[in-house]
Amino acid sequence: QGPYVLKTWDHQSQMVFEANANYANGVPPIQKVQYVMIVEPAVAFEAYQSCQLDAFVFSKEQLKTINADPTLTAQKKTGPGTLVFYMGFNTKLAPFDNVKVRQAFSLAIDRKSFVHDILGDIGILANQFIPEKLPGHYDDLKDTYQKFDPQAAQKLLADAGFPGGKGLPPIKWSFSQNAQTQTRIEALTGQIKDTLGVTIGLDGVEPKAFTALVKNKATTPPLFLLGWNQDYPDPQDWYTTVFRSDSTVTHTGYKDDQFDKLVTAGDHELDKTKRDADYKQAAQLLNDDVPAAFIWFAQTALLVKPSVSGYQVDPTDYFFGQHHLMSLKYTPGKS
């Protein structure tokens, strides 16, 4: 058993963990950890500043305030993350059933400027599905369509039969509604309009309703924003779990027999070299077929109160941060 036991899980509200008295390494010094789910980051930041929270995942929106305050600056903790954000396409619905349209949309996004201007460099531009330094990330993978190339994007859209966006059906980009995410979507749709001349409507959806939408193949929007964070450090948890055609995690509708064959082989292969070769070919297929445009890899960026001593950054902190918009409250144990 691990150091903590889940005692309370109020969906969309909080998760409460209590120290495990039977933990092999001894009872943890913090008796209770409460993950508070707060939809709006600005509200969570105010709660942190007023000492209602002990840890808070920050982003560009809070950087100016943090950097201007020596006390807050001293509480910054940063490190790598294990989460990727991507623009997903429902490949079963027009116009994204056309691979050239998907490729054009991906090439229209300037990931570098987005990470700098919108994220405040709290993130790394993505050119493939799995973040850097994790098993299944390939430094020599061809980025193909997972990069910024305006001229190629315009040509592809014209080759698909939609020069300058003419003839495209109305497109909405669905996302889990909060002010921070909307700012990001506005920036990305603005880039696509500037490059391709395509106007995309914003479809902010209440978080719980959005989750229901993308979990149901029948209601998956044509265009949506999602993130994926690893459950365990292995390519199987990425390629197979998310993009194999029988996946129940996301519903891009992507089905490629060669991709399915490669990831299934990789899942069962015991020889590390052969296994890695299978997953690398599958990763290249994802980059070429573009069922999703990979935009940025997250980084862990937290404020932690000095009362929480000995805190060490864990890459999975980002999973319990902005992806689920949680903040933390700790209750010390008996000394």
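These lines cover the structure that appears in this document, whether it is placed above or below. Every value quoted in this text rests on a predicted model; they were computed, and no experiment measured them. (Residues numbered from 1 in each chain as written. Predicted model: local features only at pLDDT ≥ 70, side-chain atom pairs only at ≥ 80, totals over all residues. Heavy atoms only, no water.)

## Things to note about the overall build of the protein chain
For the protein chain, the helix and strand inventory stands at 11 helices and 11 strands. Overall, the C-alpha framework of the protein chain stretches about 70 × 50 × 35 Å when taken along its three principal axes. With 335 residues in all, the protein chain has 49% of them scored as buried. Counting only contacts in the protein chain whose residues sit at least 6 apart along the sequence, the fraction spanning at least 24 positions is 69%. Total accessible area computed for the protein chain in this model is approximately 15900 Å², and 52% of it derives from carbon and sulfur atoms. For the protein chain, the distance from the average position of its 32 positive side-chain charges to the average position of its 37 negative side-chain charges is 1 Å. (Helix = DSSP H or I, 4+ residues; strand = E, 2+ residues; numbered from the N terminus. Buried < 20%, exposed > 50% of the residue type's maximum accessible area, 1.4 Å probe, protein only. Contact = heavy atoms within 4.5 Å. Areas by Shrake-Rupley, 256 points an atom, 1.4 Å probe, with all protein chains shown as cover. Lys, Arg positive; Asp, Glu negative; His and termini not counted. Charge placed at Lys NZ, Arg CZ, Asp CG, Glu CD.)

## Structural notes on the packing of aromatic side chains
Where two aromatic rings form a pair, the distance of their centres and the angle of their planes describe that pair. All told, the structure shown has 18 aromatic pairs when counted by the stated rule. Taking 6.3 Å as the distance between ring centres and 50 degrees as the angle between the ring planes, the aromatic pair formed by Y86 and F243 counts as tilted. You can see Y86 sitting in strand 5 (residues 76-89) and its partner F243 sitting in helix 9 (residues 239-243), a full 157 residues away along the chain. The pair Y86 / F243 is uniform in exposure class, with both members buried. (Phe/Tyr/Trp six-rings, centres within 6.5 Å; stacked < 30°, edge-to-face > 60°.)

## As for the packing of helix 10 (residues 257-268) against helix 11 (residues 272-289)
Where helix 10 contacts helix 11, the axes come no closer than 8 Å and their chain directions differ by 150 degrees. In terms of their interaxial angle, helix 10 and helix 11 are classed as roughly antiparallel. For the crossing formed where helix 10 meets helix 11, the hand is left-handed. Residue-level contacts link Q258, F259, L262, V263, A265, G266 and D267 of helix 10 to R275, D278, Y279, Q281, A282, L285 and L286 of helix 11. When grouped by side-chain class, the residues that make up the contact of helix 10 with helix 11 number eight nonpolar, three polar and three charged. (Axes fitted to C-alpha atoms, helices over the stretch in contact; angles between N-to-C directions. Parallel < 35°, antiparallel > 145°, perpendicular 65-115°, else oblique. Left-handed = near helix turned anticlockwise from the far one by under 90°. Nonpolar A, V, L, I, M, F, W, Y, C, P; charged D, E, K, R; others polar.)

## What about unusual backbone geometry?
As a rule of thumb, non-glycine residues mostly have phi less than zero, and peptide bonds are mostly trans rather than cis. For the bond from A94 to P95, the omega torsion is 0 degrees, close enough to zero to count as cis. Checked against the element boundaries, P95 lands in the loop between strand 5 and helix 4 (99-107). Of note in the backbone geometry, T144 takes a positive phi value of approximately 50 degrees without being a glycine. Here T144 lies in the loop between strand 6 (124-125) and helix 6 (150-159). Its identity as a non-glycine residue notwithstanding, V290 has a phi of 50 degrees, on the positive side.

## A short note on the nonpolar core
If you look at the biggest cluster of nonpolar residues, it comprises 37 residues, and the most contacted ones within it are M87, F105, W173, I192, L196 and V198. Secondary structure elements with two or more residues in this core: strand 5, helix 4, helix 5 (111-118), helix 6, strand 7 (171-176), helix 7 (179-196), strand 9 (223-229) and strand 10 (292-304). When residues in this core are grouped by element, the largest group, five residues, is from helix 7. Setting aside residues no more than four positions away along its own chain, M87 makes contact with F105, S106, I109, W173, I192, L223, F224, L225, A292, A293 and I295. (Core = buried A, V, L, I, M, F, W, Y, C linked by side-chain atoms within 4.5 Å.)

## Thoughts on the pattern of salt bridges
Between side chains of opposite charge, a pair can form as their charged atoms come close. Under the defined criterion, the tally for this structure stands at seven salt bridges. Between D234 and R275 there is a salt bridge; the shortest N-O distance is 2.9 Å. Placement of the pair is D234 in the loop between strand 9 and helix 9 and R275 in helix 11, with a sequence separation of 41 residues. Residue D234 is classed as buried on the basis of its relative accessible area of 18%. A salt bridge links D267 to R244; its shortest N-O distance comes to 3.9 Å. Of this pair, D267 sits in helix 10 while R244 sits in the loop between helix 9 and helix 10, placing them 23 residues apart in sequence. Overall, the relative accessible area of 22% leaves R244 in the partly exposed class. Through salt bridges that share partners, R244, D246 and D267 make up one connected network. (Salt bridge = Lys/Arg side-chain N within 4 Å of Asp/Glu carboxyl O.)

## Some words on helix 2 (residues 60-67)
Every buried residue belonging to helix 2 is among Q62, L63 and I66, and all of these are buried. Buried residues along helix 2 cover an arc of 125 degrees about the axis, so they all sit on one side. Contacts from the buried residues of helix 2 go to helix 1 (41-49), strand 4 (55-57), helix 3 (70-73), strand 5 and strand 10. (Arc of directions from axis to C-beta.)

## Topic: the pairing of strand 10
Most of strand 10 is tucked away: 12 of the 13 residues are buried. Note that strand 4 and strand 10 share three bridges and pair antiparallel. Along strand 10, the bridge assignment pairs V57 with L302. Sheet analysis places strand 5 next to strand 10, joined by 10 bridges and oriented antiparallel. Bridge assignment links V84 to a residue of strand 10, and that residue is F297. (Pairing = 2+ DSSP bridges.)

## Examining the packing of helix 1 against helix 2
Across the interface, helix 1 lies against helix 2 with an axial gap of 10 Å and an inter-helix angle of 30 degrees. The angle between helix 1 and helix 2 falls in the class roughly parallel. Here the hand of the crossing between helix 1 and helix 2 comes out right-handed. Between helix 1 and helix 2, the contacting residues are P41, F45 and Q49 on the first element and Q62, T65 and I66 on the second.

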